[in-house]
Amino acid sequence: MALVPGLAGAQEQCQNGQLVLKSSTESIRDFGGCISYLEDAGQLYLLSDILTMEPGRFTQHESGVLNFGYTESAYWTRFDVRADTGEAGTEWVLELALPLVDEVVLYLVRDGELIDQRKAGYQDNWAERDLAVPNPTFRLNLEPGSVTSVYLRIINTNTFRLPISLWSPDSYIEKVSVDEVIRGALLGSLLAILAYNLFVAVSVRERSNIYYVLYLVSAAVFIATEQVHGIQLLDSRPALFNKEYLHFQIIMTWFWGLLMARALLETRTRSPDLDRVLVMCLYSVVLTFVLSLFVPYHIAMEWIVIGSVLLCLILIVISYLSWRYYNPAARSYFFAWALALMGFGIYALTVMGYLPLNTFTGYAPQIGLTAQIILFSFALADRIKQVQGQALSWSRRALSNLQRYQSLFDNAIEGVFQMSAGRQFVTANPAMARLMGFGSSRELLESNPDVLEVCIADDRLRELVVEQLEARGTVKGVEARYLTQAGEERWAIISLHTAYDTEGEPTHLEGTCVDSTESHRRQRIEREREQERLEKELARNSAEAKSQFLANMSHEIRTPLAAIIGYGETLLDPDLDDQEKRSSAETVVRSGRHLLELVNDILDHSKIDANKLDVDVISVNLPELLDEIRAFFAPRAREKGLEFNILCEFPLPEKIQTDPTRLRQIIINLCGNALKFTEKGSISLSIRCDQSRRFWLPGWWIPGSG
């Protein structure tokens, strides 16, 4: 419905290819078919060239706003104006609503002659303009009743759209007033929201709020640059607000917007698939930023505009899916991007001629952006409310857990306590107080004892516990004796653990104390019983050993005794020669000595039982001792048809310090057993000396030294 009045007004004011200004005309925003244009690809044409051209070289425009996209060409526009307003209505204002235009040159031609020429552009000093407003404007003095041809030569590196309009002075003042109110309201709203959310971000320190503040800063810089607010606010244009950086400002706005989307929609933790899409979009934005450093300005702007539309659609879909499936706070976020896209869509339809150019359609992008920012604030408010609700829920849960843990702490059977670095009780449960002999935890804390001294009575054990705490920070399962407040001796199993702060510094120690007095008493009784059992077993084994020993000795005694009797009888034979008598006498002597040794063994066994066996270490001639052993066993071995050898690993010392009786007993026992259980072959006694001058027999270590 808004399209019909716009077309009707254009047809009424454009008559026979001329714009007719009447006394009732206040403004003309749609020139309809009265305006034509010509592309100057090389930017070479002069006004003289244009005037000599055939009229057919110009292309007649139908309706809507002229839009040539991004181009490096210059464009010429032409329209004819006839003022049928009388003398009072000859002054008009021509406005090109394109504040970022590089250069626009106005030529007024009447009857084929140039009557006026003026210039305006982005780099101009506003003081030199006809009107100090962001949009290039020109004052026109039209001669009543005559036809004036208006030529505009326009060069622009940004989007090349030409919203040209004519205004009466009074209407233009009203229009500027409305524009300034709208601009002030939009920019003021943006700055107010920025200030508020900056305060919220500092107070809450929520990641999504921080990204939102950075998004607002980037958006505010972009709007100030795109609407030339830098000059209006600061009387000069700072480098930050120069349009050369407009595409980088858009990229930064998208960068912070995507980070805000990840934080607000919680895709990183709740939707990995959607998060991967946002991460890809972030990589695309970063890549675009890098490429924009090397590609021409107009190419970068074209790609950024297309990418902005795609990103807007992607965020609408992602926010809808988030809202639909898991995050209610994404509802405002979805409508925010939908309104922003709607604002840009309305302006695009206006530029293409489908909607009339008016205050609403002209400011549709800014209105959509402001509505988006307001809804973002609502989304963040929902997010903060949600976080506060979660925090409140966590606080209630923590309080419930604290109460439950306090109940466990108070009702625990074992003692639980905290100890300061100065070894004083910080907290202690009632069980710990009872273990220490106090009536309550308060009495224990008020007495302020040294924790380790009251828990560990043994000084040496306490020192070991302190050393382990200093080395490892923990001690587990140490059974210690302690004295209660009344002096009663008790036992407990103690465990300690050092607690550290975030910087790794020890803050306090936490410990448990379990009463083990009854267990310790039971173990002591069991040990006593076990000791008694072992003693009985040892006595029984000793008795059995005595019996076995006496049985063996009875057999061992018969052997030398029989030899003594036999060879003694032989000595009574008068027919024996001296050699045979000597041999028999030696045998009697050896057997007597053996018998004496057996008797000594019996006596030694008795001394062992009575714990009265003494060892006499004296100097012994080792070769003589070995010869004695050889002389004792060689004849006995020959009787069984065996060979007896003593093997010595030289060098061996001549003199050793040992008990000769015990050493002789050991060797005789070894050789005797070998002789008893060997039926054929030979018997060898091997003796060696190691580096420490200790002597070794097969399977025996002989005490002694060289």
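Residues numbered from 1 in each chain as written. Predicted model: local features only at pLDDT ≥ 70, side-chain atom pairs only at ≥ 80, totals over all residues. Heavy atoms only, no water.

Attention now moves to the environment of Asp-450. Position of Asp-450 relative to the elements: it lies in the loop between helix 14 (441-447) and helix 15 (451-455). The buried category is assigned to Asp-450, whose relative accessible area is 18%. (Helix = DSSP H or I, 4+ residues; strand = E, 2+ residues; numbered from the N terminus. Buried < 20%, exposed > 50% of the residue type's maximum accessible area, 1.4 Å probe, protein only.)

The next point concerns the nonpolar core. Side chains of a nonpolar character, in soluble globular proteins, are inclined to be buried together. Counting residues in hydrophobic clusters, the biggest one holds 53 residues, and the most contacted among them are Tyr-212, Tyr-215, Trp-254, Leu-315, Tyr-333, Trp-337 and Phe-376. Broken down by secondary-structure element, the contributors of at least two residues to this core are helix 3 (169-204), helix 4 (207-226), helix 6 (246-265), helix 8 (272-292), helix 9 (297-325), helix 10 (330-351) and helix 12 (364-411). For this core, the leading source of residues is helix 6, giving twelve residues. For Leu-315, the residues in contact, after removing those within four places along its chain, are Trp-254, Leu-258, Ala-261, Leu-278, Tyr-333 and Trp-337. (Core = buried A, V, L, I, M, F, W, Y, C linked by side-chain atoms within 4.5 Å. Contact = heavy atoms within 4.5 Å.)

Regular strands show a simple pattern: their side chains alternate between the two faces of the sheet. Of all six residues that make up strand 8 (residues 91-96), five are buried, and the element is covered over most of its length. Here strand 8 runs beside strand 11 (residues 137-141); their pairing, made up of five bridges, is antiparallel. Counterpart to Glu-95 in the pairing with strand 11 is Thr-137. As paired strands, strand 8 and strand 14 (residues 164-167) are joined by four bridges and run antiparallel to one another. When the sheet's bridge partners are listed, Glu-95 is paired in strand 14 with Ser-165. (Pairing = 2+ DSSP bridges.)

This part is about the packing of aromatic side chains. Two numbers describe a pair of aromatic rings. These are the distance of the centres and the angle of the planes. Enumeration according to the criterion identifies 14 aromatic pairs in this entry. Taking 6.3 Å as the distance between ring centres and 25 degrees as the angle between the ring planes, the aromatic pair formed by Tyr-211 and Trp-256 counts as stacked. One end of the pair, Tyr-211, is in helix 4; the other, Trp-256, is in helix 6, with 45 residues separating them in the sequence. No difference in accessibility class separates Tyr-211 from Trp-256, as the two residues are buried. Both rings, one in Phe-633 and one in Phe-644, keep their centres 5.7 Å apart while their planes meet at 25 degrees; by these two values the pair is stacked. Here Phe-633, found in helix 19 (residues 622-639), pairs with Phe-644, found in strand 21 (residues 643-648); they are eleven residues apart in sequence, far enough to count as distant. By the burial criterion, Phe-633 is buried, and Phe-644 matches it. Ring pairs connect the aromatic residues Tyr-320, Trp-323, Phe-334 and Phe-335, which therefore count as one cluster. (Phe/Tyr/Trp six-rings, centres within 6.5 Å; stacked < 30°, edge-to-face > 60°.)

If you trace the four strands from one edge of the open sheet to the other, you get 3-14-8-11, paired in antiparallel fashion. Each edge of the sheet is formed by a strand with only one pairing partner; in this case those strands are strand 3 (27-28) and strand 11. Here strand 3 runs beside strand 14; their pairing, made up of two bridges, is antiparallel. Across the sheet, the residue bridging to Ser-27 is Trp-167, located in strand 14.

Under the 1.5 Å per step criterion, the end-to-end length of helix 16 (residues 459-472) is 20 Å for 14 residues, consistent within 8% with the ideal 20 Å. Buried within helix 16 are the following residues: Arg-462, Val-465 and Leu-469. Along helix 16, the residues classed as buried sweep out an arc of 60 degrees about the axis, all on the same side. Exposed and facing more than 90 degrees away from the buried side of helix 16 are Glu-470, Ala-471 and Arg-472. The elements touched by buried residues of helix 16 are helix 15, strand 17 (474-483), strand 18 (489-500) and strand 19 (506-515). Between the side-chain oxygen of the N-cap and the backbone nitrogen of Arg-460 there are 3.3 Å, and the N-cap of helix 16 in question is Asp-458. Trailing helix 16 by a residue or two, Gly-473 shows a phi angle of about 85 degrees, which is positive. (Expected span 1.5 Å × (residues − 1). Arc of directions from axis to C-beta. Polar contact = N/O pair within 3.5 Å; in protein donor to acceptor, adjacent residues only side chain to side chain.)

This next bit is on the side chain of Thr-678. Its place among the elements puts Thr-678 in the loop between helix 20 (660-677) and strand 23 (682-689). Its relative accessible area of 18% is what places Thr-678 among the buried residues. At a separation of 2.5 Å, a polar atom in the side chain of Thr-678 contacts the main-chain carbonyl oxygen of Ala-674. Look past the residues within four positions of Thr-678 in its chain and what remains in contact with it is Lys-640, Leu-642 and Ile-683.

Turning our attention to the sheet that holds strand 16 (residues 425-428). One open sheet accounts for five strands, arranged 16-15-19-18-17; its pairing is antiparallel. Edge positions in the open sheet fall to strand 16 and strand 17, since each of these has one partner strand only. Averaged over all neighbouring strand pairs, the angle between strand axes comes to 25 degrees, with direction disregarded. As judged from the nine bridges shared by strand 18 and strand 19, these two strands associate in the antiparallel manner. Opposite Leu-496, over in strand 19, you have Gly-511 as the bridge partner. Across the sheet, helix 16 touches strand 17, strand 18 and strand 19, and the angle it forms with strand 17 is around 160 degrees. (Axes fitted to C-alpha atoms, helices over the stretch in contact; angles between N-to-C directions.)

The next subject is the pattern of salt bridges. Under the definition given, this model contains 22 salt bridges. A salt bridge links Glu-489 to Arg-481, with the nearest nitrogen and oxygen atoms 3.2 Å apart. For Glu-489, a relative accessible area of 42% corresponds to the partly exposed category. In this structure, Arg-521 and Glu-518 form a salt bridge, with 3.4 Å as the shortest nitrogen-oxygen distance. Here the residue Arg-521 and the residue Glu-518 both occupy positions in helix 17 (residues 517-571), the gap between them amounting to three residues, near one helical turn. The exposure class of Arg-521 is partly exposed, given its relative accessible area of 34%. (Salt bridge = Lys/Arg side-chain N within 4 Å of Asp/Glu carboxyl O.)

Turning to the packing of helix 8 against helix 9, a few remarks are in order. In contact at an axis separation of 11 Å, helix 8 and helix 9 are set at 165 degrees when each is read in the N-to-C sense. The pairing of helix 8 with helix 9 is recorded here as roughly antiparallel in orientation. When the axes of helix 8 and helix 9 are compared, the crossing they make is left-handed. Residue-level contacts link Leu-274, Val-277, Leu-278, Cys-281, Val-285, Thr-288 and Ser-292 of helix 8 to Ala-300, Trp-303, Ile-304, Leu-311, Ile-314, Leu-315, Ile-318, Leu-321 and Ser-322 of helix 9. For the contact of helix 8 with helix 9, a count of residues per class yields 13 nonpolar, three polar and no charged. (Parallel < 35°, antiparallel > 145°, perpendicular 65-115°, else oblique. Left-handed = near helix turned anticlockwise from the far one by under 90°. Nonpolar A, V, L, I, M, F, W, Y, C, P; charged D, E, K, R; others polar.)

Located in the positive-phi region is Glu-266, a residue other than glycine, with phi close to 55 degrees. Relative to the elements of secondary structure, Glu-266 occurs in the loop between helix 6 and helix 7 (267-270). Residue Glu-266 is classed as buried on the basis of its relative accessible area, which comes to 11%. Not every positive phi belongs to a glycine, and Arg-423 is a case in point at roughly 65 degrees. The residue Arg-423 is located in the loop between strand 15 (415-419) and strand 16 in this model.

This part takes up the packing of helix 6 against helix 9. Here helix 6 crosses helix 9 at 15 degrees, and the two axes come no closer than 10 Å. On the basis of their axis angle, the class for helix 6 and helix 9 is roughly parallel. For the pair helix 6 and helix 9, the sense of crossing is left-handed. Contact residues: Leu-246, His-247, Ile-250, Ile-251, Trp-254, Leu-258, Ala-261 and Leu-265 in helix 6; Tyr-297, Ala-300, Met-301, Ile-304, Ser-308, Leu-311, Cys-312, Leu-315, Ile-318, Ser-319 and Ser-322 in helix 9. For the contact of helix 6 with helix 9, the residue count by class is 15 nonpolar, four polar and no charged.

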